[in-house]
There are 2 protein chains.
Amino acid sequence: MPRTPAPGTRDRILGVASRLFYDHGVRAVGMNRIITEAGTGKNLLYQHFPAKSDLVAAYLEGARERRAEAMRRALEAAGDDPREQLVALVAEVATTVRHPRFRGCAFRNYLAEFPEDDAERDGTPAVVAHAQLEESRAAIAERVARLDVADPDRLVEQLWLLVDGLYLQAAYRDRLDDQLDPAADAAVDLARRLVNTRP
Amino acid sequence: MPRTPAPGTRDRILGVASRLFYDHGVRAVGMNRIITEAGTGKNLLYQHFPAKSDLVAAYLEGARERRAEAMRRALEAAGDDPREQLVALVAEVATTVRHPRFRGCAFRNYLAEFPEDDAERDGTPAVVAHAQLEESRAAIAERVARLDVADPDRLVEQLWLLVDGLYLQAAYRDRLDDQLDPAADAAVDLARRLVNTRP
DNA sequence: GTCTATAAGGGGATAGAC
DNA sequence: GTCTATCCCCTTATAGAC
């Protein structure tokens, strides 16, 4: 049984691939380009990732971990009030969206690129993407459930609409010099009004 | 000078291509499939559309005309009150989204599929898509400008967030049995509250 | 043995020629 | 309509360098 050679290789390949996938789209980036920019051999890449699909799934999995960590930090900073936590979740997205190199939500971008990619086996990119979206939505639903509002389901939908709206706008509004800051501010403002409305 | 042969040919090709592009995505549909399903010859297709890009642009242009017509009808039915017109614009999107065969916004789908398609020449698909989005947003901004609200820009952003949120959710929430109806209702409800808030 | 570099297989794309 | 040219894709196999 051979030892795992060159421990940093997998991470380096995955890092290069992740940046390329995110910046240019999964379909637009070929394996050749990843190999060239990573400075590695083709054999080694296919040893760590038997197919491009595995590499894409690992890319989304990494993005998911980073998103989960960011959400966790935002919730911690918001304290114990579920209303403040809900505002913090939307505000975290608003902050993420403002990042200069932000180019849309990685998971929604993937699903838009591969609309016919069914969720068959475990570890499929589509499965990872759906899991992240459901997890993110569940974080909102949990906190809304702790509020005393007349129609909690509706509030979840409305907050989720803000999040999705922000992500989608970020995906196309950067073409012209259209800044996302007003949209991000408007989303946070609206989220605060929504969670503070008494039944 | 040869006569224009078979006047309905162009429309037939465009109709078949539009349906395929919308249902399966632009990248997933090759020219061969369009030719096969349209029952036309390859020569004839390239005579009407010299490149695939031209066919895609015509597909988006057609979708744009249909969207403009739907918006015009919704505004007419809403009467002269700008508040009712704004609610009608969001409600029209909510209705469109509920359609069983709805598979997302054609323009946003295209921009997601081709993120690096710059707007260079006229008639490019990306140009058509951007024009439609700006036109749709302008329809909201015009009516908000006629309201006496404290921060009109913010209201435009918030209404636009609802529209984008609806469109994006429609693009991925239909995978599982997740119905869009609650989201559509929530969006219309929120739009009504937003435009009826006094400064 | 481990990695790189290169070539080739198999498929499908657009576009054009006949 | 069929057939071909050209290109790029993912993937595998082979050959060479440290």
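Our subject is the structure that appears above.
This text gives an overview of the structure that appears in the document.

About the thresholds
- Residues numbered from 1 in each chain as written.
- Chains lettered and ligands numbered in written order.
- Predicted model: local features only at pLDDT ≥ 70, side-chain atom pairs only at ≥ 80, totals over all residues.
- Heavy atoms only, no water.
- Near = heavy atom within 4 Å.
- Polar contact = N/O pair within 3.5 Å; in protein donor to acceptor, adjacent residues only side chain to side chain.
- Helix = DSSP H or I, 4+ residues; strand = E, 2+ residues; numbered from the N terminus.
- Nonpolar A, V, L, I, M, F, W, Y, C, P; charged D, E, K, R; others polar.
- Least-squares fit on C-alpha atoms with pLDDT ≥ 70 in both.
- Contact = heavy atoms within 4.5 Å.
- Salt bridge = Lys/Arg side-chain N within 4 Å of Asp/Glu carboxyl O.

Examining the protein's contact with DNA strand C
As a structural note, the neighbourhood of DNA strand C is formed by 18 residues, with G41 of chain A together with M31, K42, N43 and K52 of chain B the closest of them. T40 of chain A is positioned such that a nitrogen or oxygen atom in its side chain is 2.9 Å from a phosphate oxygen of DNA strand C. One of the backbone N or O atoms of M31 of chain B is found 2.7 Å from a phosphate oxygen in DNA strand C. If you list the elements that add at least two residues to the surface near DNA strand C, you get helix 3 (42-48) of chain A together with helix 2 (31-38) and helix 3 (42-48) of chain B. Tallied by class, the residues present in the surface near DNA strand C amount to eight nonpolar, seven polar and three charged.

So, the protein's contact with DNA strand D
The environment of DNA strand D is formed by V29, G30, M31, K42, N43, Y46, A51 and K52 of chain A together with G39, K42 and N43 of chain B. One of the side-chain nitrogen or oxygen atoms of Y46 of chain A is found 3.5 Å away from a phosphate oxygen of DNA strand D. A distance of 2.7 Å is found between a phosphate oxygen of DNA strand D and a side-chain nitrogen or oxygen belonging to K52 of chain A. Going through the elements one at a time, helix 3 of chain A together with helix 3 of chain B are the ones with two or more residues in the surface near DNA strand D.

Here's the deal with the relation of the copies chain A and chain B
Structural alignment of chain A on chain B gives an RMSD of 0.1 Å, achieved by rotating through 180° and translating 0.0 Å along the axis. With respect to symmetry, the two chain copies, as superposed, fit the operation of a two-fold axis. Rotation axis and chain A: the residue whose C-alpha lies nearest the axis is G165 of chain A, separated from it by 1.9 Å. The share of interface residues of chain A whose copies in chain B are also at the interface is 100%, consistent with both copies meeting through the same surface.

Thoughts on the interface of chain A and chain B
The partner chain B presents 42 residues to the 42 residues of chain A that form the contact. If you look at where chain A meets chain B, you find four salt bridges. The salt bridge involving E157 of chain B is made with R173 of chain A; its shortest N-O contact spans 3.0 Å. Linking chain A with chain B are 14 residue pairs in polar contact (both at pLDDT 80 or more), by the criterion used here. Listed by contribution, the elements that provide at least two residues to the side of chain A that touches chain B are helix 1 (9-24), helix 6 (106-113), helix 7 (125-145), helix 8 (152-172) and helix 9 (181-195) of chain A. In terms of residues, the side of chain A that touches chain B owes the most to one element, helix 8 of chain A, which gives 13 residues. The class makeup of the residues in the side of chain A that touches chain B is 19 nonpolar, six polar and 17 charged.

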